[in-house]
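Notes for the structure review
Listed below, chain by chain, are the residues.
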Amino acid sequence: MRLPASVRDLATELARDEAGLPAYVYDLAALDTHAGRIRAALPAGTELYYAVKANPDPDVLRTVARSADGLEVSSAGELAHAAAAVPGAALAFGGPGKTAAGLAAAVRAGVHRVHVESPHELAALAAPARAAGRPVEVLFRANPPVAGPEATTRDMLLMGGTPSPFGMDPGLLEQAAQLIKGDDLAPVLRLRGLHTHLASGQDAAQSRRTAREVLDFGRRWCARHGVPGPEFTLGGGMAVDYERPEERFDWAGYGHALAALSRPGETLRIEPGRAVTAYCGWYLTRVLDVKTSHGRVFAVVAGGTHHLRTPAAKGHSQPCAVIPGPAWAADRPRPGVAGERVTIAGQLCTPRDVLARDVPVTRLRAGDLVAFGLAGAYAWNISHHDFLLHPPPAFHYLNRIG
Ligand SMILES: *Cc1c(COP(=O)(O)O)cnc(C)c1O
């Protein structure tokens, strides 16, 4: 894949020190530009929340927050972390399995919206809301009976339109609606609309279709239950194409579709994670060994999927670029190949520790460097860092903002 000169230069500099690699680098200026473009593609009035779980790095959060209306957090831990990293940011508190302590923390923190996942959770919100002395504003997370995005690609995850632990199907939504209108909850909770997040890995055409179906359902539901000026969170799940790393989600097309779908008096909101931060992150490492096994060439690199679990989690090859390493100083032959396809594995004692398969290389030798791209989302923070106790990567930031 194409490698920015700034990332290449940093990798080369870090490689001078044995302990300099593996490392993560986040290009914050690239992130700022990308997030600004997403914001600009959305119609005025459509709110952009960033799903913190994609990458909660504080510098990443501060950079994204410049273009976002708020941050979506899915645990009490993310809530505290995001509030500390970006003081004053509007927060939406979601996620399954909220505890009483988590709900109380969210109410105390004055979150903008609480996304309620079940009637039971709604009832549990009553006590902290009463203690707060002001109404808590909630969205019901809906699992509507939409035809749903078709799982057309291998790596699409379905979370709605089908049996799921997330949100409420029409029956549960009905129960929750009765509950929130009751004497107990009506004084302390305010229903503002519906929240959905139905699938991940949707291209713009699929996202448009999902938005239309969610709005068809949501408008009828909110009208029936008398929700004034309803809000609809349409979710995240905008695709990142790991096979074609230069491709981008069609934000302009999606933005036009949202403009056409929107109606006065309503608020639309999206909450992407992956498609916001994936592109700004790189995982840089060095080749430790190259060998051929039963006809297949393997390169073993420092680190592995305990630092970058994305390819193991999603079953893809992480896109990468090879950088020639420093001159070979060791007093032994340098293993390497030229004009071959190489499987790049890490240092873990498991055959699952593969970062990329069948990567065509003009030349790859021990001591060369590999930069894995699209490593800015669901990468370091979803990885099993302590497996085998190899040293952790260092973290570097290019072009810190402000
Ligand atoms: C994970 C998640 C998102 C973000 O999904 P991406 O695929 O990263 O865009 C948004 N909303 C909810 C509720 C989520 O769980």
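As the structure is a computational prediction, the values presented were derived from the model and not from experiment.

**Remarks on the overall build of the protein chain**
Along its length, the protein chain carries 12 helices and 18 strands. Its C-alpha atoms give the protein chain a radius of gyration of 23 Å, near enough to 21 Å, the size a compact globule of 402 residues would have. Across its three principal directions, the C-alpha atoms of the protein chain cover 80 × 40 × 40 Å. Here the contacts in the protein chain between residues at least 6 apart in sequence split such that 75% fall between residues at least 24 apart. When the accessible area of the protein chain is evaluated, it comes to approximately 17200 Å², of which 53% is carbon and sulfur surface. The average position of the 42 basic charges and that of the 39 acidic charges among the side chains of the protein chain differ by 1 Å.

**Some remarks on the site of the ligand**
Among the 14 residues in the neighbourhood of the ligand, the closest are listed as Lys53, Gly237, Glu271, Arg274 and Tyr378. Here Tyr378 contributes a side-chain N or O atom positioned 2.5 Å from an oxygen atom of the ligand. Contact with the protein chains hides 92% of the accessible area of the ligand, taken as 390 Å² for the molecule alone. A breakdown of the residues in the shell around the ligand according to their chemical character gives three nonpolar, six polar and five charged.

**Section: unusual backbone geometry**
Most peptide bonds take the trans configuration, and most residues that are not glycine carry a negative phi. Look at the link from Leu21 to Pro22: it is a cis peptide, with omega at 5 degrees. Its place among the elements puts Pro22 in the loop between α1 (5-14) and β1 (23-27). We note that Leu374 has phi near 55 degrees; this positive angle belongs to a residue other than glycine. Here Leu374 lies in the loop between β17 (369-372) and β18 (394-398). Residue classification places Leu374 among the buried residues on the basis of a relative accessible area of 2%. Positive phi outside glycine occurs at Leu389, with the angle close to 55 degrees. Examined against the element boundaries, Leu389 turns out to sit in the loop between β17 and β18.

**Quick notes on the sheet that holds strand β4 (residues 91-93)**
Pairing within the closed barrel is parallel, and its eight strands lie in the order β2-β3-β4-β5-β6-β8-β10-β11. Each adjacent strand pair in this sheet contributes to an overall mean axis angle of 30 degrees, direction not counted. Bridge analysis of strand β6 (residues 136-141) against strand β8 (residues 189-195) gives six bridges, and the strand direction is parallel. The partner of Val138 across the bridge, within β8, is Leu191. This element, helix α8 (residues 170-181), spans β6 and β8 of the sheet and lies at about 165 degrees to β6.

**Some points on helix α3 (residues 58-65)**
Of all the residues in α3, the buried ones are Asp59, Val60, Leu61, Thr63 and Val64. On its buried face, α3 sits against β1, α2 (28-41), β2 (47-51), α4 (76-85), α11 (274-277) and β18. N-capping of α3 is provided by Asp57, with a side-chain oxygen placed 2.9 Å from the backbone N of Asp59.

**As for the state of the cysteines**
For the structure on display, the rule yields zero disulfides. A disulfide-free cysteine, Cys280 has its sulfur positioned 18 Å from the sulfur of Cys320, the nearest such atom. Overall, Cys320 belongs to the buried group, its relative accessible area being 11%.

**Observations concerning α8**
Taking 1.5 Å of rise per residue, 12 residues should cover 16 Å, and α8 covers 17 Å from first to last C-alpha, within 8% of that figure. Regarding α8, the residues found buried are Leu173, Ala176, Ala177 and Ile180. Mapping the buried residues of α8 onto a view down its axis gives an arc of 105 degrees, with all of them on the same face. Against the buried residues of α8 lie α6 (119-124), β6, β8 and α9 (204-224).

**Some remarks on the domain arrangement of the protein chain**
In many reports, interface size means the accessible area that the parts give up when they come together. In terms of domains, the protein chain is made up of domain 1 (5-25 + 279-398) and domain 2 (90-272). Each of domain 1 and domain 2 has a C-alpha centre, and these two points are 38 Å apart. For the pair domain 1 and domain 2, the summed buried area comes to about 820 Å², and 57% of that belongs to carbon and sulfur atoms. Counting the surface domain 1 buries against domain 2, the share from its top three residues, Tyr279, Lys314 and Leu374, is 65%. Taken together, the links from domain 1 to domain 2 amount to zero salt bridges. Linking domain 1 to domain 2 there are zero residue pairs in polar contact (both at pLDDT 80 or more). Grouping the constituent residues of the side of domain 1 that touches domain 2 by class yields four nonpolar, five polar and one charged.

**Thoughts on the packing of aromatic side chains**
Summed over all chains, the structure comprises 12 aromatic pairs. Look at Tyr24 and Phe395: their rings are 5.3 Å apart centre to centre, the planes differ by 5 degrees, and that puts the pair in the stacked class. In this pair, Tyr24 is assigned in strand β1 and Phe395 in strand β18, connecting sequence segments 371 residues apart. Accessibility expressed as a relative area gives 28% for Phe395, which makes it partly exposed. An aromatic cluster is defined as three or more aromatic residues linked by ring pairs; in this entry it consists of Tyr24, Tyr26, Tyr283, Phe372, Trp380, Phe395 and Tyr397. Over the ring of Phe93 we find Lys98; its NZ or CZ atom is 5.9 Å from the centre of that ring. Positioned over the ring face of Tyr49 is Arg269, at 5.3 Å from the centre of the ring.

**Some words on the packing of α3 against α4**
In contact at an axis separation of 9 Å, α3 and α4 are set at 65 degrees when each is read in the N-to-C sense. On the basis of the axis angle, α3 is roughly perpendicular to α4. Viewed along their axes, α3 and α4 form a crossing whose handedness is right-handed. Contact residues: α3 offers Pro58, Leu61 and Arg62, while α4 offers His81, Ala82 and Ala85. Residue composition of the contact of α3 with α4, grouped by class: four nonpolar, one polar and one charged.

Rules used throughout
Residue positions within a chain follow its written sequence, with the count starting from 1. Local features are withheld for residues below a pLDDT of 70 in this predicted model, meaning they are given only at 70 or higher, and side-chain atom pairs are given and counted only at 80 or more; totals for whole chains, interfaces and linings count all residues. Only hydrogens and water are removed before side-chain values are computed, so all heavy atoms of the structure are retained for them. A run of H or I in DSSP becomes a helix once it reaches four residues, and a run of E becomes a strand once it reaches two; helices and strands are each numbered from the N terminus. The quantity called the radius of gyration is restricted to C-alpha atoms. Its globule counterpart is 2.2 Å times the number of residues to the power 0.38. The criterion used for residue contact is that any of the two residues' heavy atoms lie within 4.5 Å. Note on areas: these come from Shrake-Rupley sampling with a 1.4 Å probe, and a residue is covered only by the protein chains present in the view. In this tally, Lys and Arg are treated as positive and Asp and Glu as negative; His is ignored, and so are the chain termini. Every charge is mapped onto a representative atom, which is NZ of Lys, CZ of Arg, CG of Asp or CD of Glu. Consider each residue's heavy atoms; a residue with any of them within 4 Å of a molecule or strand counts as near. Whenever a nitrogen or oxygen atom comes within 3.5 Å of another N or O atom, the pair is scored as a polar contact, on the condition that within protein one atom can donate a hydrogen and the other can accept it, and that pairs from neighbouring residues in sequence are kept only if both atoms are in side chains. In this classification, the charged set is Asp, Glu, Lys and Arg, the nonpolar set is Ala, Val, Leu, Ile, Met, Phe, Trp, Tyr, Cys and Pro, and all remaining amino acids, among them Gly, are polar. Per-residue accessibility, obtained with a 1.4 Å probe over protein chains only, is compared with the maximum for each type, and a residue is labelled buried under 20%, exposed over 50%, and partly exposed between these values. Pairs of strands are assigned from DSSP output, requiring at least two bridges between the strands. In this analysis, axes come from line fits to C-alpha atoms, helices being fitted only over the stretch in contact, and the angle between any two N-to-C directions falls in the range 0 to 180 degrees. Cysteine sulfur pairs qualify as disulfides if the two atoms are within 2.5 Å. By this rule the span expected of a helix is its residue count minus one, scaled by 1.5 Å. The directions from the helix axis to the C-beta atoms are what the arc is built from. Just so you know, the domain bounds were taken from an automatic or database domain assignment. By buried area we mean how much accessible surface two parts lose on assembly, using a 1.4 Å probe and totalling the loss over both. Salt bridges are counted wherever a side-chain nitrogen of Lys or Arg sits within 4 Å of a carboxyl oxygen of Asp or Glu. Only rings of Phe, Tyr and Trp enter the pairing, Trp through its six-membered ring, and a pair is recorded when the two centres are within 6.5 Å. The plane angle decides the type: under 30 degrees is stacked, over 60 is edge-to-face, the rest tilted. Lysine NZ or arginine CZ positioned within 6 Å of the ring centre and within 35 degrees of the ring normal marks a charge as sitting over the ring. Should an angle fall under 35 degrees it is called roughly parallel, over 145 degrees roughly antiparallel, and 65 to 115 degrees roughly perpendicular, with every other angle called oblique. Crossing chirality is assigned from the near helix's rotation relative to the far helix, an anticlockwise turn below a right angle marking it left-handed and a clockwise turn marking it right-handed.

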